[in-house]
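Results of the structural survey
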Amino acid sequence: MQPTVVPDGTLPARLRALREETWPEQVVTQAQLAQAFSTERSTSVPLISSWESNTTPKTPPEFRLEKYARFFATLRSIEGVEPRLLRVDQLTDIERARYEDLLVELTELRSTTVGQPGTAVRPSGSSDSLWHFAVNQDILIVCARLPEKYAGRLGSFTDPDNADYVALYTYADPDALIELFGHLRMTNPNSHVNFTTSDNLANDDYTKHLVLLGGVDWNTLTQDVLRHVSPPVRQMTRVDTDEAGGFELVDDPSQVFQPTFRDGALTEDVAHFYRRANPFNRKRTVTFCNGMFGRGTYGAVRALTDIKFRDRNDEYVRANLDDDGGFSLLTRVQIINGETVTPDWTEPAMRLHQSPEATR
């Protein structure tokens, strides 16, 4: 029995053609491509071969296709002693246009292959990360508005009619917001990144890449989006913020994970990091970072922004959880001497629940 041969017009055939036909006078080998890609993330020749296979191809994740688009957008990728992978901000206007065209083409071919629309194409930057999104796609961080009974304690700083008014003082979770906003701007230099409160959204905001900070108690957008998605854990609402609250498993409500206190002080919060396709625009994503308290929300953000932990946590998710842009991870967030400690997701004790189940 003859093996089935992958036809032209498919993703494997297109990837092979890019390598062999983009510059006919200088065919790019699989080894050269692997070498260039490995400058940002380890890539082997067998892996590239599996994506181009004529008979049993494997489908590369979308962030790998972004590298193909960036590499074959410019001849400069193979000029010099060794092949290289330029950043998007290093491309000329003509190269940038080719890059964007290739990215769209490859993403659409992949969508046809897997039978579902693409979500987050992880684009250029200094490195790959779960906080990279496709270029020129708006990213919006949405925080809760700080309730009046707390904002009022800040006096003139939260009064818009006062000369000392500071808008950021009216936001809940400002630590998490400042940390994440700077990181998103750094990792997505070719996209518009902004932030707002859940009571100040415009029609077009719902269809962007959304990052929701804070849980169901204050963030009304978190409440609204959760009606359209199905995370494996549920945050318990609290009548009063002094209550501990917690997260329970949807399939087994008897399993509840709660913050811990010692002598009235919070020593460990519980936080949820959850990503999936945006229910209002499946070509974008929605990401939840929320704890029972602000420390948990901050810890969920820091897990993928803290320079000491973000790479290992990112790699853990990619290797064990993130198949095509969707995953859930419930984590401990420790508070030591009053400081929020970034959770290390590679430590089993820090992971309370995850979905899908780890593959290794």
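Everything below is about the structure printed above this text.
From a predicted model like this one, the values you see are computed outputs, not experimental measurements.

This brings us to the sheet that holds strand β6 (residues 256-257). The strand order β4-β5-β6 describes an open sheet built from 3 strands, whose pairing is antiparallel. If you trace the sheet from one side to the other, it starts and ends with β4 (233-235) and β6, each paired once. Of the pairings in the sheet, the one linking strand β5 (residues 247-249) to β6 comprises 2 bridges and is antiparallel in character. For Glu248, the partnering residue across the bridge sits in β6 and is Val256.

A few words on the pairing of strand β8 (residues 265-278). The buried fraction of β8 amounts to 13 of the 14 residues, a majority that puts the element mostly inside the structure. Direction of pairing for strand β7 (residues 260-262) relative to β8: antiparallel, over a ladder of 3 bridges. Bridge assignment links Thr260 to a residue of β8, and that residue is Glu268. The turn linking β7 back onto β8 is made up of 2 residues, and Asp263 within it adopts a positive phi angle of 55°. With 8 bridges joining them, β8 and strand β10 (residues 327-336) adopt antiparallel strand pairing. The residue of β10 that forms the bridge with Arg275 is Phe327.

Residue Pro356 is bonded to the preceding Ser355 through a cis peptide linkage, with omega at 0°. Take Pro356: it is sitting in the segment after β12 (351-355). Although it is not a glycine, Asn136 sits at a positive phi angle of roughly 60°. Position of Asn136 relative to the elements: it lies in the loop between α5 (93-114) and β1 (139-143). At Asp173, a residue that is not glycine, the phi angle is positive and equals roughly 55°. Note on placement: Asp173 falls in the loop between α6 (148-151) and α7 (174-187).

Its 22 residues place the ends of α5 32 Å apart at the C-alpha level, agreeing with the 32 Å of an ideal helix rising 1.5 Å per residue. Of all the positions in α5, only Glu95, Arg96, Tyr99, Leu102, Leu103, Leu106, Thr107, Leu109, Arg110 and Ser111 are classed as buried. Here the buried face of α5 lies against α1 (11-21) and α4 (62-71).

Calculation notes
- Residues numbered from 1 in each chain as written.
- Predicted model: local features only at pLDDT ≥ 70, side-chain atom pairs only at ≥ 80, totals over all residues.
- Heavy atoms only, no water.
- Pairing = 2+ DSSP bridges.
- Helix = DSSP H or I, 4+ residues; strand = E, 2+ residues; numbered from the N terminus.
- Buried < 20%, exposed > 50% of the residue type's maximum accessible area, 1.4 Å probe, protein only.
- Expected span 1.5 Å × (residues − 1).
- Contact = heavy atoms within 4.5 Å.

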